[in-house]
Amino acid sequence: MTNDEARDLNNLPGADFTADTEPRGCDFAVHDAGGRHAHCAQVQYIAGKPILWWLSWDDDGYRELRIAPGCHRSVVNESCLLIWDHPGQCDQDCGWTGEELREALDSARKDRNA
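Described below are features of the structure shown in this document. Worth saying up front: this structure is predicted, and the values here are computed from it rather than measured.

## Remarks on the packing of aromatic side chains
In total, this model carries 0 aromatic pairs according to the counting rule given. The ring of tyrosine 62 has arginine 36 lying over it, and the distance from NZ or CZ to the ring centre is 3.6 Å.

Structure, rendered in structure tokens:
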């Protein structure tokens, strides 16, 4: 993530964690030929409801930060944590598991409230 992207995400009202410029990989285990990559870059809470911000890019230079819903399908009693309409099957090993995401969000909330 660029410095400008991280700054913009961190300045969102209700930003849930600190976005940084640490290189992040794509959350997908498989890709369609010529498809785009995606990574959940920030969760913003407005009126208690989560808004998911995704960094999307491709190998030809396309890059965009955008709001998109998450996948609502369930995998082994946990929700899939990928972007809606993602390529391939839902897989808890793609991106964070529900437990990892809860731990990361809890840690971010504690840091913010300290």
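## Describing the nonpolar core
Formed by Met1, Ala6, Leu9, Leu12, Ala15, Ala19, Ala41, Trp53, Leu55 and Trp57, the largest nonpolar core amounts to 10 residues. Where this core is concerned, the elements lending two or more residues are helix H1 (3-10) and strand S2 (49-57). Among the elements that line this core, the one with the most residues is S2, at 3 residues. If sequence neighbours within four positions are ignored, alanine 19 has contacts with Met1, Ala6, Leu9, Asn10, Ala41 and Gln42. Counting residues in hydrophobic clusters, the runner-up holds 9 residues, among them Trp54, Cys71, Ile83 and Cys90.

## Comments concerning unusual backbone geometry
Not every positive phi belongs to a glycine, and alanine 47 is a case in point at roughly 50°. Its location among the elements puts alanine 47 in the loop between strand S1 (37-46) and S2. A relative accessible area of 78% means that alanine 47 is categorised as exposed.

## Brief notes about the sheet that holds S2
The antiparallel open sheet is built from 3 strands, whose spatial order is S1-S2-S3. A single partner strand is all that each edge strand has here, and the edge strands are S1 and strand S3 (63-67). Ignoring which end each strand starts from, the neighbouring axes of this sheet average 20° apart.

## Points about H1
Every α-helix carries 3.6 residues per turn, so stepping three or four residues along brings you back to the same face. Those residues of H1 lying buried are Glu5, Ala6 and Leu9. In an axial view of H1, the angular spread of the buried residues amounts to 95°, which keeps them on one side of the axis.

## Some points on the environment of threonine 21
Inspection of the secondary structure assignment puts threonine 21 in the loop between H1 and S1. According to the relative accessible area criterion, threonine 21 is partly exposed, its value standing at 38%. The contacts of threonine 21, once residues within four sequence positions are left out, are Met1, Thr2, Asn3 and Ala6.

## What about the pairing of S2?
As paired elements, S1 and S2 share 9 bridges and run antiparallel to each other. Its bridge partner lying in S2, tyrosine 45 is registered against proline 50. Taking the residues between adjacent antiparallel strands as the criterion, S1 and S2 are bridged by 2 residues, where alanine 47 takes a positive phi near 50°. Pairing of S2 with S3 involves 5 bridges; the strand directions are antiparallel.

## Concerning the pattern of salt bridges
Under the defined criterion, the tally for this structure stands at 5 salt bridges. Where arginine 7 meets aspartate 4, a salt bridge forms, and the shortest distance between an N and an O atom there is 2.9 Å. A residue pair is termed a helical-turn pair when its members lie 3 or 4 positions apart in one helix, as arginine 7 and aspartate 4 do in helix H1 at 3 residues. The class for arginine 7 is partly exposed, based on a relative accessible area of 44%. The residue arginine 24 makes a salt bridge to aspartate 20 at a minimum N-O spacing of 3.1 Å. A single salt-bridge network, built from bridges that share partners, covers Asp4, Arg7 and Asp8.

Parameters at a glance
- Residues numbered from 1 in each chain as written.
- Predicted model: local features only at pLDDT ≥ 70, side-chain atom pairs only at ≥ 80, totals over all residues.
- Heavy atoms only, no water.
- Phe/Tyr/Trp six-rings, centres within 6.5 Å; stacked < 30°, edge-to-face > 60°.
- Lys NZ or Arg CZ within 6 Å of the ring centre and 35° of its normal.
- Core = buried A, V, L, I, M, F, W, Y, C linked by side-chain atoms within 4.5 Å.
- Buried < 20%, exposed > 50% of the residue type's maximum accessible area, 1.4 Å probe, protein only.
- Helix = DSSP H or I, 4+ residues; strand = E, 2+ residues; numbered from the N terminus.
- Contact = heavy atoms within 4.5 Å.
- Pairing = 2+ DSSP bridges.
- Axes fitted to C-alpha atoms, helices over the stretch in contact; angles between N-to-C directions.
- Arc of directions from axis to C-beta.
- Salt bridge = Lys/Arg side-chain N within 4 Å of Asp/Glu carboxyl O.

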